Amino acid sequence: MAVPVAFFALFFAYPVTAIVGRGLKAEGDWQFGRIGEVLSRPDILDVLWFTTWQALASTALTLLIALPGAYVFARFDFPGKQVLRAVVTVPFVLPTVVVGTAFLALLGRGGLLDELWGVRLDTTVWAILLAHVFFNYAVVVRTVGGLWSQLDPRQEEAARVLGAGRFAAFRRVTLPALAPAVAAAALMVFLFTFTSFGVVQILGGPAYSTLEVEIYRQTGQLLDLPTAAVLTLVQFAAVGGILAVHAATVRRRERALKLVDPAQTSRRPRGAGQWALLGGVLLTALLLILLPLGVLVERSFDGPGGYGFGYYEALRSVGAGGSSTFLVPPLEAVGNSLRYALVATLIALVIGGLAAAALTRRAGRLVRGFDALLMLPLGVSAVTVGFGFLITLDKPPLDLRTSWILVPLAQALVGVPFVVRTMLPVLRAVDDRLREAAAVLGASPLRAWREVDLPLVRRAVLVAAGFAFAVSLGEFGATVFIARPDNPTLPVAVARLLGRSGELNYGQAMALSTILMLVCAVSLLLLERIRTDRSGEF
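Reading guide: rules and limits
- Residues numbered from 1 in each chain as written.
- Predicted model: local features only at pLDDT ≥ 70, side-chain atom pairs only at ≥ 80, totals over all residues.
- Heavy atoms only, no water.
- Helix = DSSP H or I, 4+ residues; strand = E, 2+ residues; numbered from the N terminus.
- Contact = heavy atoms within 4.5 Å.
- Areas by Shrake-Rupley, 256 points an atom, 1.4 Å probe, with all protein chains shown as cover.
- Salt bridge = Lys/Arg side-chain N within 4 Å of Asp/Glu carboxyl O.
- Buried < 20%, exposed > 50% of the residue type's maximum accessible area, 1.4 Å probe, protein only.
- Axes fitted to C-alpha atoms, helices over the stretch in contact; angles between N-to-C directions.
- Parallel < 35°, antiparallel > 145°, perpendicular 65-115°, else oblique.
- Nonpolar A, V, L, I, M, F, W, Y, C, P; charged D, E, K, R; others polar.
- Patch = residues over 30% accessible without salt bridge, like charges linked within 9 Å, V, L, I, M, F, W, Y side chains within 5 Å.
- Phe/Tyr/Trp six-rings, centres within 6.5 Å; stacked < 30°, edge-to-face > 60°.
- Polar contact = N/O pair within 3.5 Å; in protein donor to acceptor, adjacent residues only side chain to side chain.
- pLDDT = per-residue confidence, 0-100.
- Left-handed = near helix turned anticlockwise from the far one by under 90°.
- Core = buried A, V, L, I, M, F, W, Y, C linked by side-chain atoms within 4.5 Å.
- Lys, Arg positive; Asp, Glu negative; His and termini not counted.
- Charge placed at Lys NZ, Arg CZ, Asp CG, Glu CD.

A. Spotlight on the overall build of the protein. Assigned secondary structure in the protein consists of 23 helices and six strands. Restricting to contacts in the protein with at least 6 residues of sequence separation, those with at least 24 account for 78%. About 24000 Å² of surface is accessible on the protein, with carbon and sulfur atoms providing 63% of the total.

The following block contains the structure:
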């Protein structure tokens, strides 16, 4: 536990505490009265209200659209199922900047809807809600569908034999069993949409602002640290409560159900109704997931002189078309992102692997508290972390403000929870008697780990590495503060291009987003190839 605790204390707790302290301290004294002052401002109350209700609306809409998909993937066996499963999961590992860009190409000025019917939905709440459904569709499908596929269908069939109708049998037998999984999925979707940043910033325009966007505006544009500190505390408290409820829901699900092999519950659709349901899910996947991604790719090739690689060629030069957005060619962001993500993945694997190994010891409250510590980066604004890095890691012996390692460190903070959640179930499944037998035969603890644990968790390590790499590649909230102008990452480069007017900047943003999407998709497909049933689910 020592190394992970030291890592989180130095690169998470210290920067966050420092930035909050600067906002709430004046002349050495804590000014807690500022909390009431900030929370009583009408503009801040509007931000809190919009953040909450858009998260609730996004969660409800995602459940409505994704639950039929969860049923199809759980109960039906059809050609191309594994490929479609991977396709619907692509949005979850995409950076939010790419998601926003894809929907901008579909719903924004000059987008597909604008060209066909003269309709623009960017800068409206509908664009935000649809993008959130796109991003979180896989969360519901894989969380609920994973459990649904393991429920014994004979229980519902027995209710039908006893006279219950199809809906009554589902409501009284299946739904209570699925309720914890549905609640867990809903809480996860609410968490992701409550802390939404890139999607709202790109699609919402100045009219809409979530807590995360407002923290960025107060910190990076207005330099109003007191307001940003109060909003950070509010977001941290809200997300902490969500994670606590989520953890309780997961524990309930693990205790309450007896599961069967998914192979016993899956069959080909039968009857017109089931085929219609399958067709509806496929159509939803086409319109909701493939269409925005397809439009994004199409816009990246649609240049002023017709279709071609003009925008991709422009990424190789500095200041093309009179633009001074970058100090280096935008294409260099690809290499920067890959290097940063690889280093961040290695850091996340080391820290997350040690943490997962410590959590397998089940040492009571201390370990449970340690487990909660690992999830804290998901509950604190990434913008706060990034700005905290700038004001704390700027003095010897940790003067890292101009060092390239700063970006991978920030990205690794987000990757560690994914590594822990992927490796922990597999490590806990290793029989302790195998380790004890190795020790009896004279193996040292290190050799026992190398000979016993590592072969059994190798696939889980690869899966964890895939998730950490994809998450690191798309991290934006903290990186936008600490990425140097001469070494931008892909998400930062996309955001900069979208922030400038001009057709060339817009086209280059589409091209860079397409490149980033392809890199993330390849990572996911490799992850899906090595996925195991035990370690591959969310």
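B. Up close: the pattern of salt bridges. Overall, the coordinates contain seven salt bridges when judged by the stated rule. Note that Arg41 and Asp43 form a salt bridge whose closest N and O atoms lie 3.0 Å from each other. Overall, the relative accessible area of 33% leaves Asp43 in the partly exposed class.

C. Summary view of the packing of helix H11 (residues 211-221) against helix H17 (residues 382-392). For the pair H11 and H17, the least separation of the axes is 8 Å and the interaxial angle reads 25°. Relative to H17, the element H11 is oriented roughly parallel. Taken together, the residues of H17 that come into contact with H11 (itself represented by Glu212, Ile215, Tyr216 and Thr219) are Ala382, Val383, Thr384 and Phe387. Tallied by class, residues from the contact of H11 with H17 come to five nonpolar, two polar and one charged.

D. Spatial organisation of a nonpolar patch on the surface. On the surface, Leu283, Leu286, Leu287, Leu290 and Leu291 cluster together to form a nonpolar patch covering roughly 420 Å² of accessible area. Looking at the element boundaries, Leu290 is found in helix H13 (residues 271-301).

E. Inspection of the environment of Thr514 at higher detail. With respect to the helices and strands, Thr514 occurs in helix H23 (residues 503-530). The sequence separation of Thr514 and Val297 amounts to 217 residues, and the corresponding C-alpha distance is 5.8 Å. If sequence neighbours within four positions are ignored, Thr514 has contacts with Leu296, Val297, Ser300 and Tyr312.

F. Summary view of the packing of aromatic side chains. Scanning the model with the defined rule gives 17 aromatic pairs in all. Judged by centre distance (5.3 Å) and plane angle (85°), the rings of Phe301 and Phe309 are edge-to-face. The partly exposed category is assigned to Phe301, whose relative accessible area is 25%. Put simply, the rings of Phe197, Tyr216, Phe387, Phe476 and Phe481 touch in pairs and so form one group of aromatic residues.

G. Spatial organisation of the side chain of Gln235. Structurally, the position occupied by Gln235 is in helix H12 (residues 225-256). Take Gln235: its relative accessible area is 0%, and that puts it in the buried class. Among the polar contacts listed, one links the side chain of Gln235 to the side chain of Glu212, at a separation of 3.0 Å.

H. Structural context of the side chain of Thr193. With respect to the secondary-structure elements, Thr193 resides in helix H9 (residues 166-194). Judged by its relative accessible area of 0%, Thr193 falls in the buried class. At a separation of 3.2 Å, a polar atom in the side chain of Thr193 contacts the main-chain carbonyl oxygen of Phe190. Non-local contacts of Thr193, meaning those with residues more than four positions away in its chain, are made with Gln54, Ala55, Ser58, Thr59, His132 and Asn136.

I. How the structure looks around the environment of Arg85. Position of Arg85 relative to the elements: it lies in helix H4 (residues 81-93). For Arg85, a relative accessible area of 15% puts it in the buried group. Distance from Arg85 to Arg142, taken between C-alpha atoms, is 8.7 Å for residues 57 residues apart in sequence.

J. Seen up close, the confidence of the model for the protein. Chain-level statistics for the protein give a pLDDT mean of 81 and a share of 89% at 70 or above. When mean pLDDT is taken per element in the protein, helix H3 (residues 42-75) scores highest with 93 and helix H16 (residues 365-375) scores lowest with 69. Taken together, the stretch residues 532-538 has pLDDT below 50 and engages in 20 contacts with residues farther than four places along the chain or on a different chain.

K. Expanded view of the packing of helix H5 (residues 96-107) against helix H7 (residues 125-148). Interhelical geometry of H5 versus H7 gives an angle of 125° and a closest axis separation of 10 Å. When the axis of H5 is compared with that of H7, the two are oblique. Classified by chirality, the crossing of H7 by H5 is right-handed. Contacts between H5 and H7 involve Thr96, Val99, Phe103 and Leu107 from the first element and Ala127, Leu130, Ala131, Phe134 and Phe135 from the second. When its residues are assigned to classes, the contact of H5 with H7 shows eight nonpolar, one polar and no charged.

L. Highlighting unusual backbone geometry. Of note, the phi angle at Thr123 is positive, near 65°, even though the residue is not glycine. In this fold, Thr123 is placed in the loop between helix H6 (112-117) and H7.

M. Structural detail: the nonpolar core. The biggest cluster of nonpolar side chains holds 162 residues, and the ones touching the most others in it are Phe7, Leu94 and Phe389. The residues contacting Leu94, other than those within four sequence positions of it, are Val99, Phe134, Phe135, Leu293, Met517 and Cys520.

N. The arrangement of the environment of Leu24 in detail. Inspection of the secondary structure assignment puts Leu24 in helix H1 (residues 2-24). Given the relative accessible area of 2%, Leu24 is considered buried. For the pair Leu24 and Pro226, spaced 202 residues apart in the sequence, the C-alpha separation amounts to 5.7 Å. Beyond its immediate sequence surroundings of up to four residues, Leu24 is in contact with Asp29, Trp30, Gln31, Arg34, Ile35, Ala229, Val230 and Leu233.

O. Quick peek at a positive patch on the surface. Positive charge collects at one region of the surface, where Arg160, Arg166, Arg267 and Arg270 lie side by side. Mapped onto the fold, Arg270 is located in the loop between H12 and H13.

P. Fine view of H11. In terms of burial, H11 is a largely internal element, eight of the 11 residues being buried. All of the buried residues along H11 are Leu211, Glu212, Val213, Glu214, Ile215, Tyr216, Gln218 and Thr219.

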